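# Chain and residue survey
Each chain, letter by letter, is given below.
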Amino acid sequence: MSVVDSISAAEALSHTREGDAVVVDARPQVVRHQGSLPGAVVVDPTDVRSRLAPTPSGTFPVIGHRDTEINVVSVSSQAPRIAEQIADLGYTNVHYVDGGFPALRRTTP
């Protein structure tokens, strides 16, 4: 298992706006009624491994490169575990957003 760390909502938004990162919204469907995250890759927590896994040729189809910064938003208790799952697939720059969706919502202008 890899070691991932948290990132602040402000940093995650800044990196995403600059084109240096992508947000993965891995909240369960029943929780996504809170709102959407424009531009986020939406993946149900149960589908993370299948949706983000590299292809047999080694390419990363959903998120273009293994070094892309990925910032995970999910239910607070699940976010670190989901970020670990993504890192275990070969992505090298994975974080979970501290405070999750509520923090991103408060940070968005």
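About the thresholds
Residues numbered from 1 in each chain as written. Predicted model: local features only at pLDDT ≥ 70, side-chain atom pairs only at ≥ 80, totals over all residues. Heavy atoms only, no water. Core = buried A, V, L, I, M, F, W, Y, C linked by side-chain atoms within 4.5 Å. Buried < 20%, exposed > 50% of the residue type's maximum accessible area, 1.4 Å probe, protein only. Helix = DSSP H or I, 4+ residues; strand = E, 2+ residues; numbered from the N terminus. 1 Å grid on protein atoms, 1.4 Å probe; cavity = no way out; pocket = protein on both sides within 12 Å on 5 of 7 lines; lining within 4 Å. Points joined across faces, edges and corners; volume = space filled by probe spheres on them. Nonpolar A, V, L, I, M, F, W, Y, C, P; charged D, E, K, R; others polar. Polar contact = N/O pair within 3.5 Å; in protein donor to acceptor, adjacent residues only side chain to side chain. Salt bridge = Lys/Arg side-chain N within 4 Å of Asp/Glu carboxyl O. Pairing = 2+ DSSP bridges. Contact = heavy atoms within 4.5 Å. Axes fitted to C-alpha atoms, helices over the stretch in contact; angles between N-to-C directions.

What follows deals with the nonpolar core. Note on soluble globular proteins: their nonpolar side chains tend to be buried together. Among the nonpolar cores identified, the biggest contains 19 residues, and Val24, Ile70, Val72, Ile86, Tyr91 and Val94 are the most heavily contacted of them. Contributions of two or more residues to this core are made by β2 (21-25), α2 (48-52), β4 (69-73) and α3 (79-88). No other element matches α3, which puts four residues into this core. Core analysis: the second largest hydrophobic core is formed by twelve residues, Ala9, Leu13, Val23 and Val97 among them.

Before going further, it helps to examine the layout of surface pockets. Any empty space left between the atoms is revealed when a probe the size of a water molecule rolls over them. Approximately 260 Å³ is the volume attributed to the largest pocket. Elements supplying a minimum of two residues to the lining of the largest pocket: α1 (9-17) and α4 (100-107). Tallied by class, residues from the lining of the largest pocket come to seven nonpolar, four polar and two charged.

On to the side chain of Ser74, then. Looking at the secondary structure, you find Ser74 in the loop between β4 and α3. For Ser74, a relative accessible area of 5% puts it in the buried group. Within the structure, the side chain of Ser74 is placed 2.8 Å from the backbone oxygen of Ala26, a separation counted as a polar contact.

Attention now goes to the pattern of salt bridges. Side chains bearing opposite charge may pair, as long as their charged atoms lie close to each other. Enumeration according to the criterion identifies one salt bridge in this entry. The salt bridge partner of Arg27 is Asp25, with a shortest N-O separation of 2.7 Å. The same class applies to Arg27 and to Asp25, which are both buried.

Further remarks concern the pairing of β2. Here is the key point about a regular strand: its side chains alternate between the two faces of the sheet. In terms of burial, β2 is largely enclosed, as five of its five residues are buried. Along β2, one buried face is formed by Ala21, Val23 and Asp25 and the opposite face, lined by Val22 and Val24, is buried too. Here five bridges tie β2 to β4, and the two strands are oriented parallel to one another. Looking across to β4, one finds that Ala21 is bridged to Glu69. The sheet contact formed by β2 and strand β3 (residues 41-42) spans two bridges and is parallel. Bridge assignment links Val24 to a residue of β3, and that residue is Val41.

So, about α3. Of all ten residues in α3, seven are buried, a share of seventy percent or more. The set of residues buried in α3 consists of Ala79, Ile82, Ala83, Glu84, Gln85, Ile86 and Ala87. Against the buried residues of α3 lie β2, α2, β4 and β5 (94-97).

What follows is about the sheet that holds β4. Either a parallel or an antiparallel arrangement is found when strands of a sheet pair, and the pairing is made through backbone hydrogen bonds. Taking strand neighbours across the sheet as the criterion, the five strands line up as β1-β5-β4-β2-β3 in an open arrangement whose pairing is parallel. The open sheet has two free edges, formed respectively by β1 (5-7) and β3, since each of these has just one partner strand. Sheet topology places β1 next to β5; three bridges connect them, and they run parallel. Residue pairing in the sheet places Ser6 in a bridge with Tyr96 of β5. Those strands touched by α3 are β2, β4 and β5, and its axis lies near 165 degrees from that of β5.

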